[in-house]
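# Residue-level structural notes
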Amino acid sequence: MPRTRTSLSAARPVYARATAGELLMTLAAGLTTTEAANRLRIPVGDVQTLLTEAAARYGVRARPALVHAAITAGDLTAAKPARGGDLPVFTEGEARLWHALATRSENLAIARAAGLDPRDLPSRIGRLRVRARARTNAQLVALGHTLNVLTTRPVPEPAR
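For the structure given in this document, a descriptive report is provided here. Note that the coordinates shown come from a computational prediction; the quantities given were computed from them, not determined experimentally.

Turning our eyes to something else, we now look at the nonpolar core. In this structure, Leu23, Leu24, Tyr58, Leu66, Val67 and Leu97 are the most contacted members of the largest nonpolar core, which totals 48 residues. When residues of this core are traced back to their parent elements, those giving at least two are helix H2 (20-28), helix H3 (33-40), helix H4 (44-58), helix H5 (63-72), helix H6 (92-103), helix H7 (107-114), helix H8 (121-132) and helix H9 (137-146). Not counting chain neighbours up to four residues away, the residues in contact with Leu23 comprise Ala36, Leu40, Val47, Leu50 and Leu51.

And the structure:
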């Protein structure tokens with residue numbers, strides 16, 4: 001029986017093209033890198049390329065800050081809160097942490113702006129995500145806009 005040759009291109013999946021804005025929408029909806037790549041039908045490696053493009057456009061690197069910058073610029077609509085009961089009222093400290101997460105890219109800067117010990121930052125963000133019913137920090141920031149905890153206008157830094 002003769003062997004048939006298959007071209008290399010026939011063996012590879014065909015990927016769609018996606019934009020940085022489309023990627024940011026998936027991140028604001030709470031999808032992980034792999035989930036976003038699958039939803040957009042792009043290779044996982046292209047996610048990093050699109051994040052780099054978005055970082056250059058908005059001047060920030062962290063995903064939550066990218067989502068905040070895109071919403072603030074009017075390029076992205078904030079996510080809808082998850083179903084399942086009323087959301088709690090958030091404290092001033094939680095709002096300060098939310099704002100720091102949305103406007104800074106480095107953990108030390110986030111902790112300082114929120115008035116937290118950097119060692120407490122992961123657990124505090126985790127608790128805030130649970131209370132807001134967000135899967136990821138990027139979704140938490142998008143929900144912050146939906147819930148009016150975050151605004152699209154600059155917020156003055158608290159006096160120290």
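Still to come is the rest of the account.
One can expect most non-glycine residues to show negative phi and most peptide bonds to be in trans. The phi dihedral of Arg133 is positive, around 60°, even though this residue is not glycine. Looking at the element boundaries, Arg133 is found in the loop between H8 and H9. According to the relative accessible area criterion, Arg133 is partly exposed, its value standing at 30%. The backbone of Asn148 sits at a positive phi, close to 65°, despite the residue not being glycine. Following the sequence through the fold, Asn148 ends up in the segment after H9.

As a further point, take the side chain of Thr26. Structurally, the position occupied by Thr26 is in helix H2. Engagement of the side chain of Thr26 in a polar contact is seen with the backbone oxygen of Leu23, the distance being 2.6 Å. Look past the residues within four positions of Thr26 in its chain and what remains in contact with it is Leu31, Ala36, Arg39 and Leu40.

With that out of the way, let us pick up the environment of Leu108. Relative to the elements of secondary structure, Leu108 occurs in helix H7. Residue class for Leu108 comes out partly exposed when judged on its relative accessible area of 42%. Along the primary structure Leu108 and Arg119 are separated by 11 residues, whereas in three dimensions their C-alpha atoms are 9.3 Å apart.

So, how was this worked out
Residues numbered from 1 in each chain as written. Predicted model: local features only at pLDDT ≥ 70, side-chain atom pairs only at ≥ 80, totals over all residues. Heavy atoms only, no water. Core = buried A, V, L, I, M, F, W, Y, C linked by side-chain atoms within 4.5 Å. Buried < 20%, exposed > 50% of the residue type's maximum accessible area, 1.4 Å probe, protein only. Helix = DSSP H or I, 4+ residues; strand = E, 2+ residues; numbered from the N terminus. Contact = heavy atoms within 4.5 Å. Polar contact = N/O pair within 3.5 Å; in protein donor to acceptor, adjacent residues only side chain to side chain.

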